[in-house]
Amino acid sequence: MNENLFASFATPTLMGLPVVLLIIMFPMLLYPPSNRLITNRLSAIQQWLVKLILKQLMSIHNTKGRTWSLMLISLILFIGSTNLLGLLPHSFTPTTQLSMNLGMAIPLWAGAVIMGFRHKTKSSLAHFLPQGTPIPLIPMLIIIETISLFIQPMALAIRLTANITAGHLLMHLIGGATLALMSISTTTAFITFIILLLLTMLEFAVALIQAYVFTLLVSLYLHDNT
Amino acid sequence: MLFRVVLSAAAAAAPSLKNAALLGPGVLQATRIFHTGQPSLAPVPPLPEYGGKVRLGLIPEEFFQFLYPKTGVTGPYMLGTGLILYFLSKEIYVITPETITTVSTVGLLVYAIKKYGASVAQFADKLNEQKIARLEEVKQASMKYIQDAIDFEKAQQALVQKRHYLFDVQRNNIAMALEVTYRERLHRVYKEVKNRLDYHISVQNMMRRKEQEHMINWVEKNVVQSISTQQEKETIAKCIQDLKLLAKKAQAQPVM
C-alpha cells in the first residue's frame, strides 16, 4: 500500500532508459514557434497570455532587472505547463522532484543575490537590518536576517515540491477511498467523488498559482538586488 | 491527432532524408546551401482554416473511413468497446485510485472545453482580427496621407498656372496709379501757367483803366479850364430862361 502510493513519483524509466528527460522537454512542443504575423488560435492565445504576464511581472523592474524577462517568462511557462500536464492521468510531474526544484531555485536566487552584492553592496548589506530597530536587538536581528536570506532558495524549492506532491497524493488517496467505498456504500462513494471533483478544481488552480508564486518571488528577489 | 503531424512531417522531410542517407554527415555539412535564389519563405503559405476532423475529440476521421469498407459504420466503435472490455477483463488495465482521479480530471476537462471552447475560440479570432485591423489602419492612414499630399501638390500646380492673373492685376494697378499722377501733374502745370497769364491780363486791364481815368480827368480839367467867364454868364442866363418857360408850361398843364 505504501509503495503503491508513491509509485507515481518514481523517476520514470522505460526498460532502464531514463525517459524523464523527454518528459521534462515535452511541454516545449506545446508552444509552437511561428514565423507568421497572424497565427492559429493556440499561438494567438499564447502570445496574448505571454504579453499579459510580461506586463504584470516586469513592470516593477528597472532596465537592469528587465534583462531577466526571458528567464522569468520561461520559468513561469515551464512550471505552469509542467504542473498542468501532471494532472493528466498516469503522467509524471517533474516538479514533484525536489532535485529539479532545487536546481531551479538555487541558481536563480544565488544569481540575484550575488548580482546585488556585486553592484549595490551597501544596499544589499542594508537589507540585513530593518529600519528603526532598537539598538540592543541589532546583533540578533542580523543573525535572523542572514538565516532568512539563506532559507529563501530552500523555501522556494520546497514550497513548490510540497504543494504539487501533496496535491497529487491527496487526489490519489481520495480516489482510493472512493474506490474502496464503492463496494460498501454507493452514496458515500458519490460524496467522496464530489470531494474529488472539488479537489481537482483546486489542483488546477494550485498548478497555476504555484508557478506564479515561484516566479513572483524570484522577481522580488531580483527587484531587491538590482 | 499527432498521427497527421507525423505523416506530414515525414512527407516534408522525405527528400532531405534521402539526401542525408546518401551523403555522410561531414559532406552534408559542407554542401549546405545558403541564401541562393529567391527567398523561399515568403510569401508564407496560408494556414488551413479548419483543423482535421476528429470524432470523440481524439480519433481522426480517416480511421473511420479506413475501416468503413470492411466493417461499416459501427466497426470502429465495436473495436473500441471490445478493446476496453478486453483490457478491463484481463486486468491489463487495472482499476486503481488513479482511475477515479482520471474520471474526475477528464470529466472536468471535457465539461470545461464544451462550455467555454467556443468563446475562447472567438476570443482568439478577435485577437487576430485586432492585430490585422491595427496594421490595416496604419496602412490606410499612410495611404491617405500620401493621397492628401498628392492632391495638395496638384492644387498648388493649378494655382501656379493662374499666377499670371495676379501679375496682370498688379500691372494694371501700377499703370492706373502712374496715369493718375501724370494727370494730376498736368493739371497743376495748367493751373500755374493760367495763373501767370491771368496776372499779365489783369495788369494790362488795370493799366488801361488807369490810362482811361487819367485821360478823362485830363479832358474834364481842360474843358473846365477852357470855359471863360463870359460864356459861363450867358449859359446861366439861358438856363434861367428855359426854366421859366418850363415852369409856365408846367403850371398850365395841371389846371387842365
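Residues numbered from 1 in each chain as written. Chains lettered and ligands numbered in written order. Predicted model: local features only at pLDDT ≥ 70, side-chain atom pairs only at ≥ 80, totals over all residues. Heavy atoms only, no water.

### A word on the overall build of chain A
Then comes step 1: A count of helical and extended segments in chain A gives nine helices and two strands.
Then comes step 2: Going from N to C terminus, chain A has its helices and strands arranged as α-β-β-α-α-α-α-α-α-α-α.
Then comes step 3: Classification of the 226 residues of chain A by burial places 36% in the buried group.
Then comes step 4: Surface accessibility of chain A: about 13100 Å² in total, with carbon and sulfur atoms responsible for 74%. (Helix = DSSP H or I, 4+ residues; strand = E, 2+ residues; numbered from the N terminus. Buried < 20%, exposed > 50% of the residue type's maximum accessible area, 1.4 Å probe, protein only. Areas by Shrake-Rupley, 256 points an atom, 1.4 Å probe, with all protein chains shown as cover.)

### Here's the deal with helix H3 (residues 61–71) of chain B
Residue and element names in this part refer to chain B.
Then comes step 1: Every buried residue belonging to H3 is among Glu61, Phe64 and Leu67, and all of these are buried. Seen end-on, H3 carries its buried residues on one side only, within an arc spanning 125°. For H3, the exposed residues lying more than 90 degrees away from the buried face are Phe66, Pro69 and Lys70.
Then comes step 2: Among the residues trailing H3, Gly72 stands out with phi positive, at a value near 75°. (Arc of directions from axis to C-beta.)

### Notes on the nonpolar core
All names here are of chain A.
Then comes step 1: Ranked by size, the top nonpolar core spans 27 residues in total, and within it Leu72, Leu75, Ile79, Met104, Leu156, Phe214 and Val218 carry the most contacts.
Then comes step 2: Those elements giving two or more residues to this core turn out to be helix H3 (41–58), helix H5 (69–86), helix H6 (98–119), helix H8 (138–182) and helix H9 (186–225).
Then comes step 3: For this core, the element with the highest residue contribution is H6, accounting for eight residues.
Then comes step 4: Beyond its immediate sequence surroundings of up to four residues, Met104 is in contact with Leu75, Phe78, Ile79, Thr95, Leu160 and Phe214. (Core = buried A, V, L, I, M, F, W, Y, C linked by side-chain atoms within 4.5 Å. Contact = heavy atoms within 4.5 Å.)

### Re unusual backbone geometry
Residues and elements named next belong to chain A.
Then comes step 1: You will see that His90, though not glycine, has its phi angle at about 60°, which is positive.
Then comes step 2: Along the polypeptide, His90 turns up in the loop between H5 and H6.
Then comes step 3: The exposure class of His90 is exposed, given its relative accessible area of 51%.

### Brief notes about the pattern of salt bridges
Residue and element names in this part refer to chain B.
Then comes step 1: Taken as a whole and assessed by the stated rule, the structure comprises eight salt bridges over all chains.
Then comes step 2: Across the salt bridge formed by Glu136 and Lys139, the nearest N and O atoms sit 3.8 Å from each other. Residue Glu136 and its partner Lys139 are both found in helix H5 (residues 97–161); the two are separated by three residues, about one turn of the helix.
Then comes step 3: The class for Glu136 is partly exposed, based on a relative accessible area of 35%.
Then comes step 4: Ionic pairing is found between Lys194 and Asp198, a salt bridge with its closest N-O pair at 3.7 Å. With Lys194 and Asp198 both in helix H6 (residues 163–226) and four residues apart, the pair spans about one turn of that helix.
Then comes step 5: Looking at Lys194, the relative accessible area reads 40%, which means it is partly exposed. (Salt bridge = Lys/Arg side-chain N within 4 Å of Asp/Glu carboxyl O.)

### What about the interface of chain A and chain B?
Think of interface size as the accessible area that goes away when the parts come together; that is how it is often given.
Then comes step 1: Between chain A and chain B, the contact holds 28 residues from the first and 29 residues from the second.
Then comes step 2: Summed over both partners, the interface of chain A with chain B comes to about 2600 Å²; 74% of that surface belongs to carbon and sulfur atoms.
Then comes step 3: Three residues stand out in chain A for area buried against chain B, namely A:Arg36, A:Ile38 and A:Arg41, and they jointly supply 22% of the buried area on that side.
Then comes step 4: Ionic pairing is found between A:Arg41 and B:Asp125, a salt bridge with its closest N-O pair at 3.0 Å.
Then comes step 5: Our count for the chain A to chain B interface comes out at six residue pairs in polar contact (both at pLDDT 80 or more).
Then comes step 6: Of all the secondary-structure elements, those providing two or more residues to the side of chain A that touches chain B are H3, H8 and H9 of chain A.
Then comes step 7: In terms of residue count, H8(A) provides more of the side of chain A that touches chain B than any other element does, seven residues in total. (Buried area = accessible area lost by both parts, 1.4 Å probe. Polar contact = N/O pair within 3.5 Å; in protein donor to acceptor, adjacent residues only side chain to side chain.)

### Considering H3(A)
In an α-helix there are 3.6 residues to a turn, and that puts residues three or four apart on one side.
Then comes step 1: For H3(A), spanning 18 residues, the distance from its first C-alpha to its last is 26 Å, which sits close to the expected 26 Å at 1.5 Å a residue.
Then comes step 2: Against the buried residues of H3(A) lie helix H4 (63–66), H5 and H9 of chain A together with H5 of chain B. (Expected span 1.5 Å × (residues − 1).)

### Focus: the UniProt feature "transmembrane region" (unreviewed entry) in chain A
Residues and elements named next belong to chain A.
Then comes step 1: With numbering matched to this structure, UniProt assigns "transmembrane region" (unreviewed entry) to residues 6–31, 68–92, 98–117, 137–158, 170–197 and 204–222.
Then comes step 2: Helix makes up 89% of residues 170–197 and strand 0%. Its end C-alpha atoms lie 12 Å apart.
Then comes step 3: In residues 204–222, the share of helix is 100% and the share of strand is 0%. The end C-alpha atoms are 28 Å apart. (UniProt positions renumbered as here; feature names shortened; annotations may be inferred.)

### Notes on the packing of aromatic side chains
Note on aromatic pairs: each is described by the distance of the centres and the angle between the planes.
Residue and element names in this part refer to chain B.
Then comes step 1: All told, the structure shown has five aromatic pairs over all chains when counted by the stated rule.
Then comes step 2: Between Phe63 and Phe64, the aromatic rings sit 6.3 Å apart at their centres with planes inclined by 80°, giving edge-to-face as the arrangement.
Then comes step 3: By relative accessible area, which is 33% here, Phe63 ends up partly exposed.
Then comes step 4: Within the aromatic cluster, the residues linked to one another by ring pairs are Phe63, Phe64 and Tyr77.
Then comes step 5: Seen from the ring of Phe64, Arg55 lies directly overhead, with NZ or CZ sitting 4.2 Å from the centre. (Phe/Tyr/Trp six-rings, centres within 6.5 Å; stacked < 30°, edge-to-face > 60°. Lys NZ or Arg CZ within 6 Å of the ring centre and 35° of its normal.)

### Comments concerning the environment of A:Phe193
Then comes step 1: By the element assignment, A:Phe193 lies in helix H9.
Then comes step 2: A sequence separation of 15 residues divides A:Phe193 from A:Thr178, and the C-alpha atoms of the two residues are 6.2 Å apart.

### What to know about the side chain of A:Ser124
Residues and elements named next belong to chain A.
Then comes step 1: Structurally, Ser124 is set in helix H7 (residues 121–126).
Then comes step 2: Note on Ser124: relative accessible area 6%, which makes it buried.
Then comes step 3: Residues contacting Ser124, with those up to four places away along its chain left out, are Gly116, Phe117 and Asn225.

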